[in-house]
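Residue-level structural notes
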Amino acid sequence: MTKIAIVGCGLIGRAWAITFARAGHDVALFDRQDGAPESARAYIAEVLPSLAEFDLLNGATPEAVLRRIALAPSLPAALDGAVHVQENTPEDLAIKRAVFSELEQHADADAVLASSTSAILPSLFSEHLRTRERCLVAHPINPPYLVPAVEVVPAPWTSADARDRTASLMRQAGQSPIVMKREIDGFVMNRMQGALLEEAFRLVHDGFADPEDVDIGIREGLALRWSFMGPFETIDLNAPGGVRDYVTRYQGIYETIAPSQRRRVDWAGPVIETVEKVRRERLPEDELGARQQWRDRRLMALAAHKRQSDRDIKS
């Protein structure tokens, strides 16, 4: 079996462990914080039965998946024999530069060194390394065992082999890689999400809509299509003649809107009082944890539905 090293066992690290172990890989967990790997494995043990309930363990039992996840006593032990290293340390450039120096020192020469960072460009944490051509970003939407999209982001010097091996590994693990041609702040997903959030805050700040009405627009509107297709496929199907026909018909609407979308509002300014008030009225703070669990079970159900839909299409 292929060995994957997980360095950093917090929220993202433990989710990656489930993703790779479910796909049949041996996973080694390492974290310098005392007790973190043990806590991660205990969390994983609690989650696996729910994934089995929705048939999201590829036919394996929770016990079999858990047996593939081992606790490494040291960083060199975790990295020994690993073909892929997934780093999940804090979003701090100095920390990541130091960690990647250690990864380069101890990992096998042909191992890919990938970071889960959501914001730091791969060039910034790998530029000082001797083997920087094997470094890149593999950024998931959490949790990756329920949300398959993962951004594979190369630095200017990342080799095509490292990029392609990472994309292939992700596909084998049931993920859907977004293979970027080059790095840019925010990558793809946060740039798209950021554009939506900018408009959501602007609409509330300027008094055009309440936060709940904006949420309805996504939850009961756009997201129903977006759970199965992206923006380009959406518009390709929304005009009789396809995407070019859509652009011909509707580009003028967006040209009119665009100038008003170039002004930022401060998310932490007065608008946050309105947004937080509405959210806490709908969901008290002490119920956040229960709602997060509800969200994850809904994601499990959606993932199971989409898998079955894919099987039906292929059969």
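Everything that follows concerns the structure shown earlier in this document.
Residues numbered from 1 in each chain as written. Predicted model: local features only at pLDDT ≥ 70, side-chain atom pairs only at ≥ 80, totals over all residues. Heavy atoms only, no water.

Turning our attention to the overall build of the chain. In terms of helices and strands, the chain carries 13 helices and 8 strands. The C-alpha atoms of the chain give 21 Å as radius of gyration, which agrees with the globular expectation for 315 residues (20 Å, within 12%). Over its C-alpha atoms, taken along the principal directions, the chain stretches across nearly 55 × 50 × 45 Å. The 315 residues of the chain split such that 40% are buried. Sequence-distant contacts, at least 24 apart, represent 68% of the contacts inside the chain between residues at least 6 apart. Counting only carbon and sulfur atoms, one obtains 54% of the accessible surface of the chain, whose full area is about 17,100 Å². (Helix = DSSP H or I, 4+ residues; strand = E, 2+ residues; numbered from the N terminus. Rg over C-alpha atoms; globule rule 2.2 N^0.38 Å. Buried < 20%, exposed > 50% of the residue type's maximum accessible area, 1.4 Å probe, protein only. Contact = heavy atoms within 4.5 Å. Areas by Shrake-Rupley, 256 points an atom, 1.4 Å probe, with all protein chains shown as cover.)

Its boundaries defined by the atoms lining it, the second largest pocket holds a volume of some 470 Å³. Every residue lining the second largest pocket is counted, 17 residues in all, and those nearest its centre are Tyr43, Val47, Tyr145, Gln293 and Asp296. Contributions of two or more residues to the lining of the second largest pocket are made by α1 (11-22), α2 (36-53) and α13 (288-314). Ranked by the residues each element gives to the lining of the second largest pocket, the list is headed by α13, at 7 residues. Taken together, the residues of the lining of the second largest pocket sort by class into 7 nonpolar, 5 polar and 5 charged. (1 Å grid on protein atoms, 1.4 Å probe; cavity = no way out; pocket = protein on both sides within 12 Å on 5 of 7 lines; lining within 4 Å. Points joined across faces, edges and corners; volume = space filled by probe spheres on them. Nonpolar A, V, L, I, M, F, W, Y, C, P; charged D, E, K, R; others polar.)

Our next topic: the packing of helix α8 (residues 189-205) against helix α12 (residues 270-282). The N-to-C vectors of α8 and α12 enclose an angle of 95°; their axes lie 9 Å apart at closest approach. It follows that α8 is roughly perpendicular to α12 by the angle criterion. Where α8 abuts α12, its residues Phe201, Val204 and His205 lie against Val271, Thr274 and Val275. Looking at side-chain class alone, the contact of α8 with α12 contains 4 nonpolar, 2 polar and no charged residues. (Axes fitted to C-alpha atoms, helices over the stretch in contact; angles between N-to-C directions. Parallel < 35°, antiparallel > 145°, perpendicular 65-115°, else oblique.)

Moving on: the sheet that holds strand β7 (residues 149-154). One open sheet accounts for 8 strands, arranged β3-β2-β1-β4-β5-β6-β7-β8; its pairing is mixed. A strand with exactly one partner marks an edge of an open sheet, and here the two such strands are β3 (69-71) and β8 (176-179). Strand-to-strand twist across the sheet, computed as the mean angle between neighbouring axes with direction ignored, equals 25°. Across 4 bridges, the pairing between β7 and β8 is parallel. Residue pairing for β8: Ala149 is matched across the bridge by Ser176. Packing of α2 onto the sheet brings it into contact with β2 (26-30) and β3, and relative to β3 it is tilted by some 160°. (Pairing = 2+ DSSP bridges.)

To continue, consider α12. Side chains three or four residues apart in an α-helix point the same way, a direct result of the helix having 3.6 residues per turn. Buried within α12 we find Val271, Val275 and Val278. Seen along its axis, α12 keeps its buried residues to an arc of 70°; they face one direction. Within α12, the exposed residues directed more than 90 degrees away from the buried face are Pro270, Glu273, Lys277 and Glu281. (Arc of directions from axis to C-beta.)

Mapping Lys277 onto the fold places it in helix α12. Sequence-wise, Lys277 and Pro211 are 66 residues apart; in three dimensions their C-alpha atoms are separated by 9.5 Å. At 2.6 Å, the side chain of Lys277 forms a polar contact with the side chain of Glu281. (Polar contact = N/O pair within 3.5 Å; in protein donor to acceptor, adjacent residues only side chain to side chain.)

Counting residues in each nonpolar core, the largest one holds 38 residues, and the members touching the most others are Ile6, Phe20, Val27, Leu29, Leu48 and Leu51. No other element matches the 6 residues that α1 contributes to this core. Setting aside chain neighbours within four positions, we find Leu29 in contact with Ile6, Cys9, Ala17, Pro37, Ala40, Arg41, Ile69, Ala70, Leu71 and Ala72. Among the nonpolar cores identified, the runner-up in size contains 25 residues, and Ala82, Val99, Leu113 and Leu129 belong to it. (Core = buried A, V, L, I, M, F, W, Y, C linked by side-chain atoms within 4.5 Å.)

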